[in-house]
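# Remarks on the overall topology
Okay, here's what each chain looks like letter by letter:
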Amino acid sequence: MKNPINQRIALGARHFLACLFFLVFTAPLFAQTSTITTKIEGIDYKIEASTDKGTYEIKISDGDQFDVTRTTNYFTLSAFKSMVVNEHINNKKARKIAAGDLTPLVVNIDAILAAENQNLSDSFLELISTLYNTPDSGQKIAEITLMDVVDIKTKSPITNQTLKINSAQLVFEDGTIKNIIIEGTNPEGEKVIFSNIYSIGITTRANILNFNNISLNPELSKEYDPIKLSEVIKYERKVDLRTNDFSPADVAIVLYPKKTQELFKAPSAKLFQLNFFSDFVGLNENNPNGLVQLEFTKRINLWTTRTDAWFNSGKGWFTHLLPSLEISKIEENNRSLELSQFNNGGQITNYLNPLELYRYSYARISNEINIYDLQGPSVSVHLNAFGGIGITNVKDTVLINTVETAYDENVNTLMYGANVKFLFNPESRWSYQLSSRFTKLKPLSDNFNFASVEKNVYNEKANDMITTWEFLLSWNTGSDNQIFGRFRFNHELKYLNNNFTEFQIGYSVFLKTSQVNKK
């Protein structure tokens, strides 16, 4: 006869994997799309752009016979102009052949680009603005303007020049300007690009005033000195009710000289991030890790200012808070912790081990604060402190002096300590994190003995410091959602042989409100 508990676990696992499959493979359905119309040399075109997982698909049609689709990983102004003009020429050739004219078509690509330059630039801006911005905007938070020129200085020989600014690309993310690329032309007609090395804080008034101290470095040529962000970008805050955060929603924008663009808060506020996952070790009915677990987190930006550090990186202090709530062991099986027993020559001692209290906790509430943040182009280091409480149900019946005594109590345990995280993020679609966490446990109960056993020796002074090593691999499926795999090794700091492992596969989403603050 089949074990009903095993059947329930297997059914729950199938439901979990089915939900995971649905979320993963329906994510592409929510890819962003933008459509515009334009006219090139008297021919009307419809251009549709869509993006999903870092890939862009561009469709160009004239509403008649011409209809092409191109795919690219790089969607810049120059690439857009070249693509549209080349397809326009192909369309003219096709029309000429369809009319029975087989003579070669003579064209001057540079002349077309020069004649249609402003039209194509405006079309690209409209396409990008629609592609990366939602139709309903939240609260207006700022206006941003790109300067048309900036003074630059060569290193050797030392000369002053004026750089004509052509465009700027900016990515806003998590209260920072994550990436900014300024493209310009020097007096010799050569392209010059300046960009940031690390994320630039933008949440507070002090962050914005600090633009005078933020350097943008040359990319294509090292002969120029860095320029200051305030010399090329004008960022004007818009004061409103219920906000002390002047950063816009996560968005990518393209700016052109002397054109002002409005920035808005997200139309749907992110309440918190939800991770739901299954622990493969917890599929064993005798394991307390849990078949299905939930984890709620909310990042709150504090002081996002960063300054220059070592090896082309930026450092920051107290950058954010991270409150979290973890609910483990959703199903009923094996939720409670039983008392451990130590037999010393026939003398039985009932006790609780702090590591087991941590392992069997069905709820953990904590708050993490960043202490130090070092961010480079693809690697970052975070040092954090945290404090919280874990709740564990202790349920058992034991003999004490030949009297049967029943226990059914929720034991609260204070948890506090520090962790260090190394995040490797070479590209936006995936990341790898290695972390080490040191947790001090202080059970809040007078009803139990708290102790540890090392090499079959009872230690009344419990090993209440535990270490957790974590390996986390994340993959973005689009928008804010991620698939992740996480392995944890937990052990007593003083005695490695008292340990347990967790191997989790899950999905991460943002839960949002549906209210929109109108402009």
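Residues numbered from 1 in each chain as written. Predicted model: local features only at pLDDT ≥ 70, side-chain atom pairs only at ≥ 80, totals over all residues. Heavy atoms only, no water.

## Observations regarding the overall build of the chain
Counting its secondary structure elements, the chain contains seven helices and 32 strands. Of all 519 residues assigned to the chain, the portion counted as buried reaches 43%. Partitioning the intrachain contacts of the chain with sequence separation of at least 6 by distance along the chain shows that 61% fall at a separation of at least 24. Accessible area of the chain: about 27,100 Å², with a carbon and sulfur share of 54%. (Helix = DSSP H or I, 4+ residues; strand = E, 2+ residues; numbered from the N terminus. Buried < 20%, exposed > 50% of the residue type's maximum accessible area, 1.4 Å probe, protein only. Contact = heavy atoms within 4.5 Å. Areas by Shrake-Rupley, 256 points an atom, 1.4 Å probe, with all protein chains shown as cover.)

## Points about the nonpolar core
Most often, soluble globular proteins keep nonpolar side chains buried together rather than apart. With 33 residues, the main nonpolar core has Phe172 and Leu229 as its most contacted residues. If you list the elements that add at least two residues to this core, you get β5 (140-146), β6 (149-153), β7 (160-173), β8 (176-185), β9 (191-195), α6 (229-232), β13 (233-237) and β14 (251-255). The biggest single contributor to this core is β7, with five residues. Those residues in contact with Phe172, other than ones at most four positions away along the chain, are Ile144, Ile177, Ile202, Tyr235, Pro248, Ala249, Asp250, Val251, Ile253 and Leu263. In this structure, Ala49, Val68, Leu77 and Ile112 belong to the second largest nonpolar core, which totals 26 residues. (Core = buried A, V, L, I, M, F, W, Y, C linked by side-chain atoms within 4.5 Å.)

## Quick word on the environment of Val107
You can see Val107 is positioned in the loop between α2 (77-98) and α3 (109-115). What makes Val107 partly exposed here is its relative accessible area of 31%.

## A closer look at empty space enclosed by the protein
For the structure shown, the criterion picks out two cavities of 30 Å³ or more. The space that makes up the second largest cavity amounts to roughly 40 Å³. The wall of the second largest cavity is formed by Ser199, Ile200, Gly201, Asn207, Asn210, Ile214, Thr304, Thr305 and Arg306. Taken together, the residues of the lining of the second largest cavity break down into two nonpolar, six polar and one charged. (1 Å grid on protein atoms, 1.4 Å probe; cavity = no way out; pocket = protein on both sides within 12 Å on 5 of 7 lines; lining within 4 Å. Points joined across faces, edges and corners; volume = space filled by probe spheres on them. Nonpolar A, V, L, I, M, F, W, Y, C, P; charged D, E, K, R; others polar.)

## Brief notes about α2
For α2, which comprises 22 residues, the first-to-last C-alpha distance of 31 Å matches the rise-based estimate of 32 Å (1.5 Å per residue) to within 8%. Every buried residue belonging to α2 is among Leu77, Phe80, Lys81, Met83, Val84, Val85, Glu87, His88, Ile89, Asn91 and Lys96, and all of these are buried. Directly after α2, the chain includes Gly100, whose backbone phi takes a positive value near 90 degrees. (Expected span 1.5 Å × (residues − 1).)

## Description of the packing of aromatic side chains
Applying the stated criterion across every chain yields a total of eight aromatic pairs. Ring pairing ties together the aromatic residues Phe342, Tyr351 and Tyr458, which thus form one cluster. (Phe/Tyr/Trp six-rings, centres within 6.5 Å; stacked < 30°, edge-to-face > 60°.)

## Things to note about the sheet that holds strand β15 (residues 260-264)
Across the sheet, which stays open at both edges, the three strands sit in the order β13-β5-β15 with antiparallel pairing between neighbours. Each edge of the open sheet carries a strand with a single partner, namely β13 and β15. Along the sheet, successive strands turn relative to each other by an average axial angle of 25 degrees, direction set aside. Both β5 and β15 contribute to a ladder of five bridges, which runs antiparallel. Paired with Lys140 across the strands is Phe264, a residue of β15. (Pairing = 2+ DSSP bridges. Axes fitted to C-alpha atoms, helices over the stretch in contact; angles between N-to-C directions.)

## Notes on the layout of surface pockets
Once rolled over the atoms, a probe with the size of a water molecule shows which space is left empty. Each pocket or cavity is described by its volume, and for the second largest pocket that value is around 530 Å³. In this structure, the second largest pocket is lined by 23 residues; those nearest its centre are Leu77, Lys81, Asn117, Ser121 and Asn166. Secondary-structure elements contributing two or more residues to the lining of the second largest pocket are α2, α3, α4 (117-132), β7 and β8. Within the lining of the second largest pocket, the residues separate by chemical class into eight nonpolar, nine polar and six charged.

## Comments concerning unusual backbone geometry
Among all residues save glycine, negative phi is the norm, and among peptide bonds the norm is trans. For Glu41, which is not glycine, the phi dihedral falls at a positive 50 degrees. Within the fold, Glu41 resides in the loop between β1 (32-40) and β2 (43-52). One non-glycine residue with positive phi stands out, namely Phe318, at about 50 degrees. Relative to the elements of secondary structure, Phe318 occurs in the loop between β20 (314-317) and β21 (320-327).

## Some thoughts on the pairing of strand β22 (residues 340-344)
Taken together, the five bridges between β22 and strand β23 (residues 347-351) define a ladder with antiparallel strand orientation. By the bridge assignment, Ser340 is partnered in β23 with Tyr351. Once β22 ends, the chain turns through two residues before running back antiparallel as β23, passing Gly345 with a positive phi of about 65 degrees.

## Observations concerning the confidence of the model for the chain
The pLDDT averaged across the chain works out to 81; a share of 82% of its residues lies at or above 70. The model gives residues 514-519 a pLDDT under 50, and that stretch makes eleven contacts with residues more than four places away or in other chains. (pLDDT = per-residue confidence, 0-100.)

## Topic: the environment of Arg299
Mapped onto the elements, Arg299 comes out in the loop between β17 (293-297) and β18 (300-301). Separated by 24 residues in the primary sequence, Arg299 and Pro323 place their C-alpha atoms 7.1 Å from one another. The contact partners of Arg299, leaving out residues within four places of it in the chain, are Asp174, His320, Leu321 and Leu322. A distance of 3.1 Å separates a polar atom in the side chain of Arg299 from a polar atom in the side chain of Asn301. (Polar contact = N/O pair within 3.5 Å; in protein donor to acceptor, adjacent residues only side chain to side chain.)

## Considerations on the pattern of salt bridges
In a structure, side chains of opposite charge can pair up when their charged atoms sit close to one another. The tally for this structure, following the rule as stated, stands at 14 salt bridges. The partner of Glu295 in a salt bridge is Arg486, and the shortest N-O contact between them spans 3.7 Å. Placement of Glu295 in strand β17 and of Arg486 in strand β31 (residues 481-492) is noted, with a sequence separation of 191 residues between them. Overall, the relative accessible area of 10% leaves Glu295 in the buried class. Judged by its relative accessible area of 6%, Arg486 falls in the buried class. Ionic pairing is found between Arg359 and Glu356, a salt bridge with its closest N-O pair at 3.7 Å. Within this pair, Arg359 and its partner Glu356 are both found in helix α7 (residues 354-360), separated by three residues, close to a single helical turn. Here the salt bridges share partners, and the residues they tie into one network are Lys140, Glu143 and Glu262. (Salt bridge = Lys/Arg side-chain N within 4 Å of Asp/Glu carboxyl O.)

## Quick notes on the side chain of Ser445
Considering the arrangement of structural elements, one finds Ser445 in the loop between β27 (430-443) and β28 (452-454). At a separation of 3.2 Å, a polar atom in the side chain of Ser445 contacts the side chain of Glu409. In this structure the side chain of Ser445 is engaged in a polar contact, spanning 3.3 Å, whose partner is the backbone nitrogen of Asn447. Apart from the residues within four sequence positions on either side, Ser445 is in contact with Glu409, Val411 and Phe450.

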